[in-house]
Amino acid sequence: MAGMTDKFETLAVHAGAEPDPHTGAVVPAIQMSTTFKQDGVGELRSGFEYGRSGNPTRIALEQAIATLENATHGLAYASGLAATQNLLYLLEPGDRLLMSDDVYGGTWRLADKVWRRYGIETDAIDLRDLDAVAAAFAADRPPKMVWIETPSNPLMKIIDISAVARLAAVAGAITVVDSTFATPYLQRPLDFGADLVLHSATKYLGGHSDVIGGLVATRSDDLAEKLRFHQNAAGAVPSPFDCFLVMRGMRTLAVRMERACSNGPRSSAFTTPACRIIRPPSWSSARCGCPARCSASRSAAGRMRHDGSRGRRACSPWRSRSARSSRSSSFRHR
Amino acid sequence: MTHASVADSPLAVPASLVRLSVGIEAADDLQADLESAFAASVS
């Protein structure tokens, strides 16, 4: 069924799950075997040899994320940061990495505390400022990779994927989009020119707070080959059970995102005089005409899919007026 | 706490920021939880 439709909801239910040819099982089995019998020396059955290099349950998950991201290759990792680490293996000592100035803290920590020691310099700028992005790529040592997180965590900045990817492509740089917060239900970065899309599957894709995982998808055979090498060489692969859990979560992604998207604005709109909670910071500049006032629809070219019912954010950053106006405010949040 | 790793860095988030990760519970219950938390925070 999945091959006969382009409807996301249907794809999410069926992607990566062809009925088992022997049993007819509609759910991919959790294949725990670490070792696969060879019919002769180097004669592999279905390409499987050793669990780190390849596992049937993992491949089902990898096919599923590839399908949902309109990609041709998917890769699964033991965590979102393991996936991030694998993408950074595409860089060489001396390369520069351009990054949003509002990325997930763990991403920044990995770039700043780890990869800097290995000779990769990371510059963090506001990627909404396309003049600044163009200037970065016009520098003497232009970045070899640009790391976009949109919507960003936690400030919900919306970055123009197409515009940044165009500038990167001209400079021969790789565009990565961390699309964890949007999920492929709301945004498919490869459709807007990104080379690689990354997810912390721990969040919405897994969806049940019971599995850590990372996913990457791409349409580039070349990048996929390099990533596949490092996935095996560095070995940060997810367990078969983790793959099963992420895939199980992805089946219901559409309905969960619908509810989360309707609950988000309602929670944001809720105010209390005690704390004087005001609007999310990015909403004021969204100039969006949709009922949800969502900054997603601000991207007129459709950076995120948005039809009035989608694109609202399920994760809402607020600023406390009292905390902003007075350091002695009783309102505290860590 | 997810952004403790960027404390004192150029990417540090505003101290006045409250981030809610809103799930799929009944919206009325989420609102009640918020009311309760706000009340506790100022008491």
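Rules used throughout
Here, residues in each chain are numbered from 1, in the same order as that chain's written sequence. Numbering of ligands from 1 and lettering of chains from A proceed in the order in which they are written. Only residues with pLDDT of 70 or above have their local features reported here, since the model is predicted, and side-chain atom pairs are shown and tallied only from 80 upward, although totals for entire chains, interfaces and linings are computed over all residues. No hydrogens and no water enter the side-chain calculation; it runs on all heavy atoms of the structure. The salt bridge criterion pairs a side-chain nitrogen of Lys or Arg with a carboxyl oxygen of Asp or Glu, the two atoms within 4 Å. Exposure is judged per residue with a 1.4 Å probe applied to protein chains only, and the accessible area is read against the type maximum: over 50% gives exposed, under 20% gives buried, and values in between give partly exposed. Whether two strands pair comes down to DSSP finding at least two bridges between them. The helix count covers DSSP runs of H or I at least four residues long, the strand count covers runs of E at least two residues long, and both are numbered beginning at the N terminus. Note on geometry: axes are lines fitted to C-alpha atoms, helical ones only across the stretch in contact, with angles between N-to-C directions running from 0 to 180 degrees. Ring pairs are drawn from Phe, Tyr and Trp, using the six-membered ring of Trp, whenever the two centres fall within 6.5 Å, and their geometry is named by plane angle: stacked under 30 degrees, edge-to-face over 60, tilted for the rest. Patch membership needs two things, relative accessible area over 30% and no salt bridge, and members are linked within 9 Å if like-charged or within 5 Å if nonpolar (Val, Leu, Ile, Met, Phe, Trp, Tyr). Only the protein chains shown count as cover for residues, and all accessible areas are computed by the Shrake-Rupley method using a 1.4 Å probe. Residues adjacent in sequence count toward polar contacts only when both atoms are side-chain atoms; beyond that, a polar contact is any pair of N or O atoms within 3.5 Å, and within protein one must be able to donate a hydrogen and the other to accept it. By convention a crossover is right-handed if, when the strands point away from the viewer, the path from the first strand over the helix to the second runs clockwise. Each angle receives one of four descriptions, namely roughly parallel if under 35 degrees, roughly antiparallel if over 145, roughly perpendicular if within 65 to 115, and oblique otherwise. Each crossing gets its hand from how the near helix is turned against the far one by less than a right angle, where anticlockwise is left-handed and clockwise is right-handed. By the convention used here, residues are in contact when the closest approach between their heavy atoms is within 4.5 Å. Basically, the charged four are Asp, Glu, Lys and Arg, the nonpolar ten are Ala, Val, Leu, Ile, Met, Phe, Trp, Tyr, Cys and Pro, and anything else, Gly included, counts as polar. In a helix, the anticipated span is given by 1.5 Å times the number of residues less one.

**A closer look at the pattern of salt bridges**
Pairs can form between side chains of opposite charge whenever their charged atoms are close. All names here are of chain A. What the rule picks out here adds up to 13 salt bridges over all chains. Between Arg 116 and Glu 121 there is a salt bridge, with its nearest N and O atoms 2.8 Å apart. In this structure Arg 116 comes out as partly exposed when scored by relative accessible area, which is 27%. With a closest N to O distance of 2.9 Å, Asp 126 and Arg 128 form a salt bridge.

**Describing the sheet that holds strand S5 (residues 174–178) of chain A**
Residue and element names in this part refer to chain A. Taken in spatial order, the seven strands of this open sheet run S1-S7-S6-S5-S4-S2-S3, and their pairing is mixed. If you trace the sheet from one side to the other, it starts and ends with strand S1 (73–77) and strand S3 (121–125), each paired once. Geometrically, the sheet is characterised by an average inter-axis angle of 20° between neighbouring strands, direction not taken into account. Relative to S3, strand S2 (residues 96–100) runs parallel, the two being bridged by five bridges. If you follow Leu 97 over to S3, its bridge partner there is Thr 122.

**Focus: the pairing of strand S6 (residues 196–200) of chain A**
Residues and elements named next belong to chain A. Taken across its five residues, S6 has five buried, putting it largely inside the fold. Taking every second residue as pointing to the same face, both faces of S6 are buried, with Leu 196, Leu 198 and Ser 200 on one and Val 197 and His 199 on the other. Note that S5 and S6 share three bridges and pair parallel. Across the sheet, the residue bridging to Val 176 is Leu 196, located in S6. Two strands pair when backbone bridges link them, and S6 and strand S7 (residues 214–218) are joined in this way by five bridges, in the antiparallel orientation. Following the sheet pairing, Leu 196 is matched in S7 by Thr 218.

**Comments concerning the packing of aromatic side chains**
Here the distance between the centres and the angle between the planes together describe a pair of aromatic rings. All names here are of chain A. The full count for this structure, using the stated rule, is five aromatic pairs over all chains. Between Phe 36 and Phe 48 the ring centres are 5.4 Å apart and the planes differ by 35°, which places this aromatic pair in the tilted class. Linking Phe 36 in the loop between helix H1 (8–14) and helix H2 (56–68) with Phe 48 in the loop between H1 and H2, this pair joins segments that are twelve residues apart in sequence. Assigned by exposure class, Phe 36 and Phe 48 land together as buried. By way of ring pairs, the aromatic residues Tyr 89, Trp 115 and Tyr 118 are connected into one cluster.

**What about a nonpolar patch on the surface?**
Residues and elements named next belong to chain A. Taken together, Ile 30, Met 32 and Phe 241 make up a surface patch of nonpolar side chains, about 290 Å² in accessible area. For Ile 30, the position within the fold is in the loop between H1 and H2. Accessibility expressed as a relative area gives 33% for Ile 30, which makes it partly exposed.

**Overview of the side chain of A:Gln187**
Within the fold, A:Gln187 resides in the loop between helix H7 (183–186) and S6. Of the polar contacts made by the side chain of A:Gln187, one reaches the side chain of A:Ser179; its length is 3.0 Å.

**Thoughts on the pairing of S2(A)**
Residue and element names in this part refer to chain A. Among the five residues in S2, five count as buried, and that is most of the element. At this point the chain moves from S2, through helix H4 (residues 105–114), to the parallel S3, and the crossover so formed is right-handed. Note: S2 against strand S4 (residues 145–149), three bridges, orientation parallel. Its bridge partner being in S4, Met 99 is matched across the sheet by Trp 147.

**Digging into the packing of helix H3 (residues 80–88) of chain A against H4(A)**
Packed helix pairs are characterised by how far apart their axes lie and by the angle those axes make with each other. Residue and element names in this part refer to chain A. One way to put it is that H3 packs onto H4 with a least axis distance of 10 Å and a crossing angle of 40°. One element, H3, and the other, H4, form an angle in the oblique class. Crossing angle aside, the handedness with which H3 passes H4 is right-handed. Of H4, the residues touching H3 (which contributes Leu 81, Thr 84, Gln 85 and Leu 88) are Gly 106, Thr 107, Arg 109 and Leu 110. Here the residues of the contact of H3 with H4 sort into three nonpolar, four polar and one charged.

**Some points on helix H8 (residues 221–234) of chain A**
Here H8(A) is 14 residues long and its end C-alpha atoms lie 20 Å apart, about the 20 Å a rise of 1.5 Å per residue gives. Where the residues of H8(A) are buried, they touch H2, S1, H3, S5, S6 and S7 of chain A.

**Structural notes on unusual backbone geometry**
Residues and elements named next belong to chain A. The linkage connecting Thr 150 with the following residue, Pro 151, adopts the cis geometry, with an omega of -10°. Secondary-structure assignment places Pro 151 in the loop between S4 and helix H6 (161–170). Here Asn 153 and Pro 154 are connected by a cis peptide whose omega angle stands at 15°. Within the secondary structure, Pro 154 sits in the loop between S4 and H6. With a phi angle near 65°, Thr 183 is a residue other than glycine that sits in the positive phi range. By the secondary structure assignment, Thr 183 is in helix H7. With a relative accessible area of 0%, Thr 183 lands in the buried category.

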